[in-house]
Amino acid sequence: MLQRIQTIWTLLAVLAAVFLYITGQDVAVFGNIPILNIGCIVLVIIGALSIFSFKNRKRQILLNTISIIINALLIGVLAYWLLNLSGGIQFPEKGIEPIFPCIAVICLLIANIFIRKDERLVKSVDRLR
């Protein structure tokens, strides 16, 4: 069912990827290769697949885990980018881009908790039949 709580948490993770795509347009980590943009697009696609595969909870958990791994890689790339930026600790130079993958990881972990809780509930009901 689409109206479950894990759908809300997964949607928040997708929104975090969209915000990262919007705010990360000035991020150039490895020259002209748009690693951040490709990662954000992949995260939105995987998140949409996870939201609409609500009947297959194991696939949802797998897709959320893949999203967590991609977000962790994006955190590493953004940390590398922040460490290599020139200048001091001035707010306009140092972006807020690493916040969005961190929020997405937390939301996806909470979504996985609720998906596992639903899975246990379905298994317990099947035992009673």
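In this report, the structure presented in the accompanying data block is examined. (Residues numbered from 1 in each chain as written. Predicted model: local features only at pLDDT ≥ 70, side-chain atom pairs only at ≥ 80, totals over all residues. Heavy atoms only, no water.)

### Some details on the overall build of the chain
In step 1: Per the secondary structure count, the chain includes four helices and zero strands.
In step 2: Going through the 129 residues of the chain one by one, you find that 37% of them count as buried.
In step 3: Counted over contacts in the chain with a minimum sequence separation of 6, partners at least 24 positions apart contribute 72%.
In step 4: Accessible area for the chain stands at about 8,000 Å²; split by element, carbon and sulfur atoms hold 72% of it. (Helix = DSSP H or I, 4+ residues; strand = E, 2+ residues; numbered from the N terminus. Buried < 20%, exposed > 50% of the residue type's maximum accessible area, 1.4 Å probe, protein only. Contact = heavy atoms within 4.5 Å. Areas by Shrake-Rupley, 256 points an atom, 1.4 Å probe, with all protein chains shown as cover.)

### Notes on the packing of helix α2 (residues 35–52) against helix α3 (residues 57–83)
In step 1: Two elements in contact, α2 and α3, have axes whose closest approach is 9 Å; the angle formed by their N-to-C orientations is 160 degrees. As the angle between them shows, α2 and α3 are arranged roughly antiparallel. Helix-helix and strand crossings are classified by hand; for α2 and α3 the assignment is left-handed. Two secondary-structure elements touch here, α2 through Leu-36, Gly-39, Val-42, Leu-43, Ile-46, Leu-49, Ser-50 and Ile-51 and α3 through Gln-60, Leu-63, Asn-64, Ile-66, Ser-67, Ile-70, Asn-71, Leu-74 and Leu-78.
In step 2: Grouping the amino acids of the contact of α2 with α3 by side-chain chemistry returns eleven nonpolar, six polar and no charged. (Axes fitted to C-alpha atoms, helices over the stretch in contact; angles between N-to-C directions. Parallel < 35°, antiparallel > 145°, perpendicular 65-115°, else oblique. Left-handed = near helix turned anticlockwise from the far one by under 90°. Nonpolar A, V, L, I, M, F, W, Y, C, P; charged D, E, K, R; others polar.)

### Details of the packing of aromatic side chains
In step 1: All chains considered together, the criterion is met by one aromatic pair.
In step 2: Look at Phe-19 and Phe-100: their rings are 6.0 Å apart centre to centre, the planes differ by 50 degrees, and that puts the pair in the tilted class. With Phe-19 in helix α1 (residues 5–23) and Phe-100 in helix α4 (residues 99–128), this pair connects stretches of sequence that are 81 residues apart.
In step 3: Given a relative accessible area of 14%, Phe-100 falls into the buried group. (Phe/Tyr/Trp six-rings, centres within 6.5 Å; stacked < 30°, edge-to-face > 60°.)

### Concerning the environment of Val-105
In step 1: Looking at where Val-105 falls in the secondary structure, it is placed in helix α4.
In step 2: Between the C-alpha atom of Val-105 and that of Asn-71, which follows or precedes it by 34 residues, the distance is 6.5 Å.

Interpretation note: all reported values are geometric properties and have no functional meaning in isolation.
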